[in-house]
There are 2 protein chains.
Amino acid sequence: MTELGRYLDAGAARIPADLVIEHGTLANVDTGEFYPADVAVYQQRIVAVDADVSAYVGPKTRHIDATGKTLVPGLIDGHIHVECSKLSMTRFAQLVLPHGTTSIVSGLDEYISVIGLSGLDEIFAEIKALPFKVFWGLPYKTPYTMPKSTIAYNVTGADHERYLPQETCYGVWETVREAVAVQDPDTLKALELAKRFHKPIFGCSPMARGLALNEFLMSGVHIDHESYSHEEFLEKARKGLHVVLRESSVTQFLQENIRAITEGPAGVARHTSFCTDDVTAHDVLAHGHLDHMVRLAIQAGVAPMTAIQMATLNGAEAYHIDDTVGSIAPGKDADILLVDHPGTFNVETVISKGTLVTQAGQLGVPFKSPKRSAALQGHLKHALLTPEEFTYPVNRETGTATVRTIHSEGPFVRKALDLDLPIVDSVVHPDPAQDVAAVSVIERYGINQNHAHGFISGWSIKRGAIATSAAPDDNNLVVAGIDPADMALAANTLIDCGGGQVVVVDGHVVALLKLPIGGITTDLLPEELAEKELELKAAAQQLGSTLPDPLFYLSFLPITAIPDLAITDGGNVDYTQLTYFDPILAVKS
Amino acid sequence: MTELGRYLDAGAARIPADLVIEHGTLANVDTGEFYPADVAVYQQRIVAVDADVSAYVGPKTRHIDATGKTLVPGLIDGHIHVECSKLSMTRFAQLVLPHGTTSIVSGLDEYISVIGLSGLDEIFAEIKALPFKVFWGLPYKTPYTMPKSTIAYNVTGADHERYLPQETCYGVWETVREAVAVQDPDTLKALELAKRFHKPIFGCSPMARGLALNEFLMSGVHIDHESYSHEEFLEKARKGLHVVLRESSVTQFLQENIRAITEGPAGVARHTSFCTDDVTAHDVLAHGHLDHMVRLAIQAGVAPMTAIQMATLNGAEAYHIDDTVGSIAPGKDADILLVDHPGTFNVETVISKGTLVTQAGQLGVPFKSPKRSAALQGHLKHALLTPEEFTYPVNRETGTATVRTIHSEGPFVRKALDLDLPIVDSVVHPDPAQDVAAVSVIERYGINQNHAHGFISGWSIKRGAIATSAAPDDNNLVVAGIDPADMALAANTLIDCGGGQVVVVDGHVVALLKLPIGGITTDLLPEELAEKELELKAAAQQLGSTLPDPLFYLSFLPITAIPDLAITDGGNVDYTQLTYFDPILAVKS
């Protein structure tokens, strides 16, 4: 008897259910109704949703009493970089499942950057063992950086030819508008193959309007998660995009974008959903995950049913995963939440893939991390560094250098700020008085030993150094600071321990988070990680920085897509021109 | 420059549009709004939908003035057997395009029955040359008949392995509930492969409710087009099916099923759409096609926007073809209708794949049928028949035979009616006095020379014979009548001409429709065919039959899925048991 045959038998009640949930109110997102219904579950799937499921009850069937509770489908995060949380897949699932997130859509692009596409098998095996689902989209290409920085593996069109037909691949992940606009051949190949294999294209087009948006839409892109205003959000919805509303730990866009729904036409909500993109363990522990977004939407004036549909069915349909998730219906995975009330939306009990994960808030299953392969435990491939390697030499012994600094005006706005810095002993020195620090990005895959130097401003760093090997999109080693010796110690500390984040002051490591899984994630418990991150943040702020989270800003410096400037192992990047620039504009006496 | 590259350039207005449609009101089905908008089209696709598209206008751009008109996306028929119209693909497109149907979803299962899967390449080539789209689903298996009758090619699980990954294949067509319930291995294989390749399963589950429906849903089926009541319709929608509302030439279900929308919860419409399943040229010419369904829905109380969404976007999403069709948005095919008013919904101008097909009701393009290959023009593979071959011999010279007749109580209800018939010269004779005629189904693919004999009642046939080679699901030769000589003449006439439909009285052919394309369709103009069909109907009724359309009833006799009885080349079928039965129950003196 095949698995399908067994499920057919269970649907016909020839095999009794493992579990029935009785006396609850069903949130039927398919028809937009609330009404009383019982649910029967066999193994991983729902087999019946009816007024009476007693035909499915056998002697060993477990009963859950849902009196007074609302049954809601498991929540879906439509776009998230799990790795950004710095938690392993197992720990991330452990973090978000109690909040009702039973499925996520993810590109696993950071794992690809450190262990390549073939390395993902290890991550897929980890996912499979969890009561949690990851719908994977193959990145349109890697790295995302333009110009290309160095990573362990470059995804190209040939990979799309191989992976898009496969069951594990649900579409093309995070297709960046600029890559389409320049008609990058690998990107175009990915788009053509997505059309051929009927898999959706997930897009990324912040601030695209009018002609630029029309051009991007010709790519066949189906989904977009980057709207900076409710007008942009509405234009995208009107032009046929499924628009994913983002509320990440750094960009809180819900309050603005939700206006497209609360003030816009009634029909727009149907093609919208939620995502968190990048979240910290701390924020999820403090506020929640998708459940938090549902509550925020309801507080903003969205009807509870509409908010629930946005967190479940709407995204499931857009990603073509509604055969498995998105509603409580026979044949779908048994991802079912017991919620106190649709309007207050406190998730009390979570069933995922038929497993009772939490009941009345108590974890009902162990989350055990798998053994990691050597590939994922590998050290950063770079020799130890000297302080001299963190200086910027010029061919003039003294004087002044006019430098272009990468000036942070917020986590996602970086502008050019040209300043004069002193030259001492043929080296351009950072200048705390002018709020300028030095920055290095060091290639760490053992491919080319790249080491790019630059300057950042607007961070208020007065001394010491900070470093991180968790740094999308390429996860090279990023080091910033005032003192070259501290910068070298910060870098070497991470090279020594296989990666992580560190704060160094006056020759001492004052805070260290090890990220032994590929140098980007850890199996620490979410609570442990959240505490560590607070320590790191406090330590980094003791360097004088007034930024809300200096290590977070640091880790995002190599993302070229953040306008206008970035720095990767290849050099300082002007994203408005998609070119490298020399930060030393001029030297004079 | 690739095709995609050109479209990107056109989207960015670096290449001028071929066509702009100005001053109209857009029916935006994505957000459920009507508002003024202009549309720019380049080649086959829409490149802009904006308040102002002047940036897209070049010196050669054609302008269409849509003042006072509503722009509606091309309509989609979600489930149709084109072959049932007896028109070739070219002529069918010519028939329905002026009514705004620019896309259909079809299994081409009847073509498969006569020329096999490889033969479809010829049909796909015909479609490609038309301003018309057919989204093809590979039948879950062929033949649909249970037990299996004889056809030119049996689709099995191995075909799904080969075809489901292909671009031309959009899902699994018409998966019959009974085949799932008996866990037919080929059917289960098709279902498992559909899941693997992320392609939707189209189902067929008339009157499935409760446990039977739950069991069917465990198959992963996503769409269903067979509801006999609005309660059934609503139960299916609530359990997560996309429900396609059918209004065919024989089963008018709209009036009943639309109540699920007009009386049901507001949210149900989103997961519903329209189909016509089987339509005659006459009905389309007289009433319209999908446009007729939109008008009927509006008359029944559905809001015009909702009815338009049902005819466009809703189905497009369910079939995962909304990357190409379903709304007027950049990147989608330029399938655009100019309609007088959303409430009256008269289709005046039709643009399909960027081609102006009809303007103000006038055909703007020629519809030229392609040359047919020998495979499609082949004659029926059977030797000429003698009158003796249409008699039912028994091993008793005279007396009475108790026979089980297939009693027609309507086009889709056939019950067993047991009657005594006279035996003369060792042959059981049909008996017009008791309203019993003889029926034969003759295998016509040259495979096994099957010839099944049976009896029908309730047709009021008094003399002569009728025959058809167009007869889903297997398109064998079906002959019914009173006089064996007339039955032989009817059969031989069709064998002679390569197939069709014929009426014979007293040794004369009184009406003949040739169907030279595979014995099932013709390149006659729709108007010519409609006239021929009226002639045939009138001639058949002159045999004494009081049925509304005897040849239609005849052609459906081999469909085993019509409860309770059927007859195929394999024999008389009791569908309640899925077995053959001997119509001679007893012989006596």
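About the cut-offs
- Residues numbered from 1 in each chain as written.
- Chains lettered and ligands numbered in written order.
- Predicted model: local features only at pLDDT ≥ 70, side-chain atom pairs only at ≥ 80, totals over all residues.
- Heavy atoms only, no water.
- UniProt positions renumbered as here; feature names shortened; annotations may be inferred.
- Least-squares fit on C-alpha atoms with pLDDT ≥ 70 in both.
- Contact = heavy atoms within 4.5 Å.
- Phe/Tyr/Trp six-rings, centres within 6.5 Å; stacked < 30°, edge-to-face > 60°.
- Helix = DSSP H or I, 4+ residues; strand = E, 2+ residues; numbered from the N terminus.
- Buried < 20%, exposed > 50% of the residue type's maximum accessible area, 1.4 Å probe, protein only.
- Lys NZ or Arg CZ within 6 Å of the ring centre and 35° of its normal.
- Axes fitted to C-alpha atoms, helices over the stretch in contact; angles between N-to-C directions.
- Left-handed = near helix turned anticlockwise from the far one by under 90°.
- Salt bridge = Lys/Arg side-chain N within 4 Å of Asp/Glu carboxyl O.
- Pairing = 2+ DSSP bridges.
- Core = buried A, V, L, I, M, F, W, Y, C linked by side-chain atoms within 4.5 Å.
- Buried area = accessible area lost by both parts, 1.4 Å probe.
- Polar contact = N/O pair within 3.5 Å; in protein donor to acceptor, adjacent residues only side chain to side chain.
- Nonpolar A, V, L, I, M, F, W, Y, C, P; charged D, E, K, R; others polar.

Chain A is annotated in an unreviewed UniProt entry as Adenine deaminase of Candidatus Levilactobacillus faecigallinarum. The heading Sequence similarities (unreviewed entry) in the UniProt record of chain A holds the text "Belongs to the metallo-dependent hydrolases superfamily. Adenine deaminase family." If you open the UniProt record of chain A and go to Cofactor (unreviewed entry), you find "Mn(2+)".

Engineer: Can you walk me through the relation of the copies chain B and chain A in this structure?
Structural biologist: The two chain copies are connected by a rotation around an axis plus a translation along it. Expressed as a screw transformation, the operator carrying chain B onto chain A has a rotation angle of 180 degrees and an axial translation of 0.0 Å, and the superposed copies differ by an RMSD of 0.1 Å. On this basis, the relationship between the two copies can be described by a two-fold rotation axis. Considering only C-alpha atoms, the part of chain B nearest the rotation axis is Pro165(B), at 3.4 Å. In this assembly, 100% of the residues forming the interface of chain B have copies in chain A that are likewise at the interface, indicating an isologous arrangement.

Engineer: What is the right way to read the packing of aromatic side chains from this model?
Structural biologist: The geometry of an aromatic ring pair comes down to the distance between the two centres and the angle between the two planes. Residue and element names in this part refer to chain A. Applying the stated criterion to the full structure yields 26 aromatic pairs over all chains. Centroid distance Phe124 to Trp136: 5.4 Å. Interplanar angle 75 degrees. Geometry classified as edge-to-face. Taken as a pair, Phe124 in helix H4 (residues 120–128) and Trp136 in strand S10 (residues 133–139) lie far apart in primary sequence, 12 residues in all. There is no split in this pair, since Phe124 and Trp136 are both buried. Ring geometry for Phe552 against Phe556: centres 4.5 Å apart, planes inclined by 40 degrees, an arrangement best described as tilted. Remark: Phe556 and Phe552 occur in helix H19 (residues 550–556); sequence separation between them is four residues, near one turn of the helix. The exposure classification of Phe552 matches that of Phe556, with both residues buried. The structure contains a cluster of three or more aromatic residues connected by ring pairs, namely Phe124, Trp136 and Tyr163. The cationic tip of Arg45 hangs over the ring face of Tyr7; the distance from NZ or CZ to the ring centre is 4.3 Å.

Engineer: What am I meant to see in the packing of helix H13 (residues 290–299) of chain A against helix H14 (residues 304–311) of chain A here?
Structural biologist: Axes are the key here: two packed helices are described by the angle between their axes and the distance separating the axes. Residue and element names in this part refer to chain A. It is at 9 Å that the axes of H13 and H14 come closest, and there the two elements cross at 150 degrees. Handedness of the H13/H14 crossing: right-handed. The segment H13 lies against H14, with Leu290, Val294, Ala297 and Ile298 engaging Pro304, Ala307 and Ala311.

Engineer: Just to check I follow, could you spell out the environment of Leu26(B) for this structure?
Structural biologist: Residue and element names in this part refer to chain B. Take Leu26: it is sitting in strand S2 (residues 25–28). When the C-alpha atoms of Leu26 and Tyr163 are compared, they prove to be 38 Å apart, with 137 residues separating the residues in sequence. The contacts of Leu26, once residues within four sequence positions are left out, are Glu33, Phe34, Tyr35, Ala37, Val49, Leu71 and Ile328.

Engineer: Sorry, what's going on with the pattern of salt bridges here?
Structural biologist: Where charged atoms of side chains with opposite charge meet at close range, the side chains can pair. Residues and elements named next belong to chain A. A complete count under the given rule lists 60 salt bridges over all chains for this structure. The partner of Asp291 in a salt bridge is Arg295, with the nearest N and O atoms 3.3 Å apart. Within this pair, Asp291 and its partner Arg295 are both found in helix H13, separated by four residues, close to a single helical turn. For Arg295, a relative accessible area of 17% puts it in the buried group. Of the charged contacts, one joins Arg463 and Asp506 as a salt bridge, the two residues approaching to 3.6 Å between their closest N and O atoms. One end of the pair, Arg463, is in the loop between strand S25 (451–457) and strand S26 (465–468); the other, Asp506, is in the loop between strand S28 (500–505) and strand S29 (508–514), and 43 residues separate them in sequence.

Engineer: Looking at this model, I keep getting lost on the sheet that holds strand S32 (residues 579–581) of chain B. Mind explaining?
Structural biologist: Paired through their backbone hydrogen bonds, the strands of a sheet run either parallel or antiparallel. All names here are of chain B. Ordered in space as S30-S31-S32, the three strands form an open sheet in which the pairing is antiparallel. A strand with exactly one partner marks an edge of an open sheet, and here the two such strands are strand S30 (565–568) and S32. Strand-to-strand twist in this sheet, taken as the mean axis angle between neighbours without regard to direction, amounts to 45 degrees. Relative to strand S31 (residues 571–574), S30 runs antiparallel, the two sharing four bridges. Bridging from a neighbouring strand, Thr568 pairs with Gly571 of S31.

Engineer: Explain the nonpolar core here, please?
Structural biologist: It is characteristic of soluble globular proteins that their nonpolar side chains tend to be buried jointly. Core analysis: the largest hydrophobic core is formed by 161 residues, its most contacted members being Phe92(A), Phe132(A), Trp136(A), Phe274(A) and Ile466(A). For Phe92(A), the contacting residues outside a window of four places in its chain are Ile80(A), Val82(A), Ser85(A), Leu87(A), Ile104(A), Phe132(A), Val279(A) and His289(A). Counting residues in hydrophobic clusters, the runner-up holds 160 residues, among them Phe132(B), Phe135(B), Ile151(B) and Leu191(B).

Engineer: Sorry if this is basic, but what is going on with the UniProt feature "domain: Amidohydrolase-related" (unreviewed entry) in chain A here?
Structural biologist: In this numbering, the UniProt entry assigns the feature "domain: Amidohydrolase-related" (unreviewed entry) to residues 70–357 of chain A. The span residues 70–357 of chain A carries 36% helix and 19% strand; its end-to-end C-alpha distance comes to 17 Å.

Engineer: What am I meant to see in the environment of Thr398(A) here?
Structural biologist: Residue and element names in this part refer to chain A. The residue Thr398 is located in the loop between strand S20 (392–393) and strand S21 (399–410) in this model. A C-alpha to C-alpha distance of 65 Å links Thr398 and Gln309, two positions 89 residues apart in sequence. Ignoring anything within four residues of it in the chain, the contact list for Thr398 reads Ile423 and Lys588.

Engineer: Before we go on, may I ask you to explain the sheet that holds strand S11 (residues 169–176) of chain B in this structure?
Structural biologist: The eight strands lie next to each other as S8-S9-S10-S11-S12-S13-S14-S15 (chain B), forming an open sheet whose pairing is parallel. Taken across any chain shown, the strands that pair with only one partner, and hence form the sheet edges, are strand S8 (75–77) and strand S15 (272–275) of chain B.

Engineer: I keep staring at the interface of chain B and chain A and nothing clicks. Help me out?
Structural biologist: By a widely used convention, the size of an interface equals the accessible area lost when the partners come together. Counting from both sides, the interface comprises 67 residues of chain B and, opposite them, 67 residues of chain A. Here chain B and chain A share an interface that buries about 5600 Å² over both sides, 53% of which is from carbon and sulfur atoms. Taken together, the connections running from chain B to chain A amount to 10 salt bridges. As a salt-bridge pair, Glu317(A) and Arg270(B) come within 3.1 Å of each other at their nearest N and O atoms. The tally of links between chain B and chain A comes to 29 residue pairs in polar contact (both at pLDDT 80 or more). If you list the elements that add at least two residues to the side of chain B that touches chain A, you get helix H1 (3–11), strand S3 (33–36), strand S5 (45–50), S11, helix H7 (185–196), helix H8 (210–217), helix H9 (230–238) and helix H15 (313–318) of chain B. Tallied by class, the residues present in the side of chain B that touches chain A amount to 29 nonpolar, 19 polar and 19 charged.

Engineer: So what exactly am I meant to see when it comes to the pairing of strand S2 (residues 25–28) of chain A here?
Structural biologist: For a regular strand, side-chain orientation follows a simple rule: the groups alternate between the two sheet faces. Residues and elements named next belong to chain A. Bridging between S2 and strand S7 (residues 70–73) involves two bridges; their strand directions are parallel. Within S7, the position partnered with Thr25 by the bridge is Thr70. Summarising the sheet, S2 and strand S3 (residues 33–36) pair through four bridges and their orientation is antiparallel. Pairing of Thr25 across the sheet is with Pro36, part of S3.

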